[in-house]
Amino acid sequence: MLKSVKVAVLGYGTVGGGVAQVIDVNHDSILRKTGLDLEVKYILDLRDFPGDSNEHKVVHDIDVILEDPEVTVCCETMGGKNPAYAFSKRALEAGKSVCTSNKELVEAYGPELLKVASAHNCSYLFEASVGGGIPIIHNIANCLTQDEIGSVQGILNGTTNYMLTRMANEGADYDTVLKEAQRLGYAERNPEADVEGHDSGRKIAILASLVFGKTVKYDKIHVEGISALTAMDMAYAKKLGCSIKLLGKASERASRVSAIVAPFMVKAGQPLYMVDDVFNGIVLHGNMLGDTMFYGAGAGRRPTASAVVSDVITAGLYEGSTAACPWEEEEADLLPFEEMENAFFVRIGVQDQAQAKAVFGVEKFITLPQSGEECGFVTGRLKECQFREQYEVLAHRIGFVRMDA
């Protein structure tokens, strides 16, 4: 039976424009497969868009949308917290489902807005907030509920993955690949959110909150970026049969959650080893399913918009009720960073070999033809606080990268 779904797009930028495009181009296909007749009725933006095919739909007042009973779904593609938070909450209180790509808003207010949606028989949906077009949120909330998920880890930022791939394949340095990423439009003029790990941190916070059911706050996760990595680090990784990836990792053990974002050396044969360029990959481990991996375009106008429209479809199918989402407001018991355990690859001056043997019990040192007066070694698993204490003893320490278990 055909069902009409009137949609309002809040913010007509890259993603918002993509949402309108997906609904227009794939309208007949969506109708055939779901019975939903999707139509963008309003576009909210401060600007006008003369000559645009949707210019007649543009409004500048959110109340026009909130007071129209025909509109049942709002797509929040504005970005940032304000006024996105206020508009989203008001829409939900009016009984209109909200679909968003806004990871910053979801991480900060997700459980609150989910509660508001439930109270007003509508849905707050955010598939596009993590992994672009990769259908990860829906699968966690709906398709993997039969499993106890013990861990989630992923390459969650396409910009940094592109940069690390270039550094590994071409021996290029960080500054060179950053400039190229900016030229291609993968990195912003101010790339801090990507290269210092903040984007990945918000995404792993959302994933961990969903997987473990309680809120994991981004500002309580230890986050490191890729700006300290060098071509020499990449060469050592290659010698070890590894690739270096910026990973967001979270796991639960004995009701305590650990979470981190940092560069890791990933061994060949591991699922994330071959995820290159601007692509994302996410691995979940369930007690029955084992490892399962989701891979695809982690950003971009069309993939992200496609994920938003998938939520519009869900909202349309669940109209008058609330799509389930396993995320409670109560905060998870987070293991302190200092207590987390990892193995490490360490670079030192060759004159520190005797000290490294005494402090870390090193049996084998790794050298490269181009390494000159330095070498490296791999530690056993150590608590972060123990590693830092021992590492600081070394007089000619150069750097380190964690090893993915």
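Since this is a predicted model, take the numbers as computed values, not measurements.

### As for the layout of surface pockets
Roughly 990 Å³ of volume is contained in the largest pocket. For the largest pocket, the lining is made up of 36 residues, of which K103, E188, D194, D199 and A299 are closest to its centre. Of all the elements in the fold, those that place two or more residues in the lining of the largest pocket are α1 (14-25), α5 (103-119), α7 (158-170), α9 (192-195), α10 (198-212) and α12 (301-317). The biggest single contributor to the lining of the largest pocket is α10, with three residues. A per-class count over the lining of the largest pocket returns 10 nonpolar, 17 polar and nine charged. Looking at the second largest pocket, its volume works out to about 860 Å³.

### Brief notes about the packing of α7 against helix α8 (residues 174-183)
Close contact between α7 and α8 brings their axes to 9 Å; oriented N to C, the two are set at 130°. In this view, α7 runs oblique relative to α8, as classed from their interaxial angle. In this structure, the crossing between α7 and α8 has a hand that is right-handed. In this structure, α7 uses Y162, M163, R166 and M167 to contact α8, whose residues at the interface are Y174, V177, L178, E180 and A181. Counted by class, the contact of α7 with α8 contains seven nonpolar, no polar and two charged residues.

### Concerning unusual backbone geometry
In this structure, P83 follows N82 across a cis peptide bond, with omega equal to 5°. Along the chain, the position of P83 falls in the loop between β4 (71-76) and α4 (84-93). Non-glycine residue A254 carries a positive phi angle of around 50°. On the basis of relative accessible area, A254 is assigned to the exposed category, the value being 74%. Backbone geometry places S255, a non-glycine residue, at a positive phi of 65°.

### Quick word on the packing of aromatic side chains
Overall, the coordinates contain 15 aromatic pairs when judged by the stated rule. Their ring planes at 75° and their centres at 5.9 Å tell us that F126 and W327 sit as a pair that is edge-to-face. Pair noted here: F126 is in the loop between β6 (124-125) and α6 (137-143) and W327 is in the loop between α12 and β14 (328-331), with a separation of 201 residues, a long-range link. Between F360 and F377, the aromatic rings sit 5.4 Å apart at their centres with planes inclined by 55°, giving tilted as the arrangement. Of this pair, F360 sits in helix α13 (residues 353-360) while F377 sits in strand β16 (residues 374-378); the two residues are 17 residues apart in sequence, bridging distant segments of the chain. Exposure class is identical for F360 and F377. Each is buried.

### A short note on the nonpolar core
Residues I65, Y124, F126, I136, M163, L207 and L284 are the most contacted members of the largest nonpolar core, which totals 82 residues. Here this core takes eight residues from α10, the largest share from any one element. In contact with I136, other than residues within four places in its own chain, are E127, V130, L207, I282, L284 and F294.

Thresholds, definitions, all that
Residues numbered from 1 in each chain as written. Predicted model: local features only at pLDDT ≥ 70, side-chain atom pairs only at ≥ 80, totals over all residues. Heavy atoms only, no water. 1 Å grid on protein atoms, 1.4 Å probe; cavity = no way out; pocket = protein on both sides within 12 Å on 5 of 7 lines; lining within 4 Å. Points joined across faces, edges and corners; volume = space filled by probe spheres on them. Helix = DSSP H or I, 4+ residues; strand = E, 2+ residues; numbered from the N terminus. Nonpolar A, V, L, I, M, F, W, Y, C, P; charged D, E, K, R; others polar. Axes fitted to C-alpha atoms, helices over the stretch in contact; angles between N-to-C directions. Parallel < 35°, antiparallel > 145°, perpendicular 65-115°, else oblique. Left-handed = near helix turned anticlockwise from the far one by under 90°. Contact = heavy atoms within 4.5 Å. Buried < 20%, exposed > 50% of the residue type's maximum accessible area, 1.4 Å probe, protein only. Phe/Tyr/Trp six-rings, centres within 6.5 Å; stacked < 30°, edge-to-face > 60°. Core = buried A, V, L, I, M, F, W, Y, C linked by side-chain atoms within 4.5 Å.

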